[in-house]
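Per-entry structural report
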Amino acid sequence: EELDDFQVAIERPAVFCKRGDGITLQCRVSHRQPDAFSYQWYHGTARLRAGNKQILLLNPITDQSVGEYRCEVTQGDVTKIATTHVRLVGRPTISSTKLLAVDKRKQDQTWSWIDVTDSESIDHVLTLETGQTLCLQVESFNDKVHFQWICNGHQNGLPQDTGLLEIENVLEADSGTYYCVISHASDQKELKRLVTRTKNFKVNVVKCMQEGEEFVATESLP
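Read on for a plain summary of the structure. (Residues numbered from 1 in each chain as written. Predicted model: local features only at pLDDT ≥ 70, side-chain atom pairs only at ≥ 80, totals over all residues. Heavy atoms only, no water.)

1. Side note on the sheet that holds strand 6 (residues 55-58)
Where we set the bar: Strands are labelled as partners when DSSP assigns at least two bridges between them. Only DSSP runs of H or I covering at least 4 residues are called helices, and only runs of E covering at least 2 are called strands; the numbering of each starts at the N terminus. Axis angles are defined between N-to-C directions and span 0 to 180 degrees, where every axis is a line fitted to C-alpha atoms and, for a helix, only to the segment in contact.
Across the sheet, three strands lie side by side as 1-3-6; this open sheet has antiparallel pairing. Because the sheet does not close on itself, it has two edges, and the strands there are strand 1 (8-10) and strand 6. Across the sheet, the axes of successive neighbouring strands diverge by a mean angle of 15°, strand direction being ignored. By the bridge criterion, four bridges tie strand 3 (residues 23-29) to strand 6 in an arrangement that is antiparallel. By the bridge assignment for strand 6, Q26 is matched with I55.

2. Things to note about the packing of aromatic side chains
What counts, and what does not: The aromatic pairing rule takes the rings of Phe, Tyr and Trp, using the six-membered ring of Trp, and pairs them if the centres are within 6.5 Å, calling planes under 30 degrees apart stacked, those over 60 edge-to-face and the rest tilted. Buried, partly exposed and exposed residues are distinguished by accessible area as a fraction of the type maximum, computed with a 1.4 Å probe on protein chains only: under 20%, between the cut-offs, and over 50%, respectively.
Evaluation of the coordinates by the stated rule reveals two aromatic pairs. Pairing W149 with F201 gives two aromatic rings, centres 6.4 Å apart and planes at 40°, and the pair type is tilted. In this pair, W149 sits in strand 13 (residues 145-151) while F201 sits in strand 17 (residues 200-206), placing the two residues 52 residues apart along the sequence. Taken as a pair, W149 and F201 share a single burial class, namely buried.

3. Notes on the nonpolar core
Our working rule: As used here, the term nonpolar core means buried Ala, Val, Leu, Ile, Met, Phe, Trp, Tyr and Cys residues forming a set that is joined through side-chain atoms within 4.5 Å.
With 21 residues, the main nonpolar core has L134, L136, W149 and Y178 as its most contacted residues. Among the elements of the structure, strand 9 (94-102), strand 11 (123-129), strand 12 (133-140), strand 13, strand 14 (164-167), strand 15 (176-184) and strand 17 are those that each provide at least two residues to this core. Broken down by element, the residue count for this core peaks at four residues, all from strand 13. By size, the runner-up hydrophobic cluster in this structure holds 20 residues, among which are F6, V15, Y39 and L58.

4. Let's talk about a positive patch on the surface
Condition: Like-charged residues within 9 Å of one another, or nonpolar side chains (Val, Leu, Ile, Met, Phe, Trp, Tyr) within 5 Å, are grouped into patches, provided each residue has over 30% relative accessible area and no salt bridge. All accessible areas in this document rest on Shrake-Rupley with a 1.4 Å probe, and a residue is counted as covered only by the protein chains that are shown. We count a salt bridge whenever a side-chain nitrogen from Lys or Arg sits within 4 Å of a carboxyl oxygen from Asp or Glu. Think of it this way: Lys and Arg go in the positive column, Asp and Glu in the negative one, and His and the chain ends go nowhere. A single reference atom marks each charge: NZ on Lys, CZ on Arg, CG on Asp, CD on Glu.
Judged by side-chain charge, K18, R91, K189 and R193 come together as a positively charged surface patch. With respect to the helices and strands, the residue K18 is situated in the loop between strand 2 (14-17) and strand 3.

By themselves, these observations are geometric and do not establish any function.
Structure below.
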């Protein structure tokens with residue numbers, strides 16, 4: 001096998017990480033004698049003094065660590081290059097959290113969202129009567145995110161692809177603790193591990209009130 005007959009590649013074309021992480025970049029050579037080659041790593045156009053080995057360790061990751069990394073592999077007069085990118089990521093950020101009880105049986109009623117985005121309370125409590133519609137909404141500043149709604153620790157057939165949870169004609173059985181988990185919609189394992197969880201929505205559904213009684217949707221803080 002000729003030494004100048006080789007290919008080079010870095011395992012991952014993009015590496016997603018958080019500030020403070022430590023990551024390892026490895027340049028692989030399609031040859032039985034990888035130690036017979038010389039290696040040089042670059043960050044952008046800057047030549048890395050410690051980057052003369054097959055493996056490059058970056059620890060810790062800072063804002064200055066992001067960007068393109070390339071490894072030049074040389075044997076004799078032949079040089080081949082492999083590249084990757086290091087990107088900083090964080091947990092998805094919630095832009096708004098709202099809750100609403102709608103009585104669709106009363107067309108003359110006007111209902112408005114209760115915005116609890118900046119509430120410091122641990123839980124949000126919403127009381128409805130049977131037959132009404134429960135609406136919980138979460139929005140994120142991030143693009144391409146995945147929403148997963150949970151009630152009492154289970155998915156229970158709740159929507160998993162939207163920030164809006166709407167349950168029409170609620171029953172007492174719909175009472176429980178709801179929350180939403182937001183994650184990056186990506187195949188990258190590093191991104192999937194970065195999730196944001198909303199505070200709890202404690203939903204109490206009571207029997208429909210008698211005619212003449214007034215119902216008011218309330219959000220109470222513990």
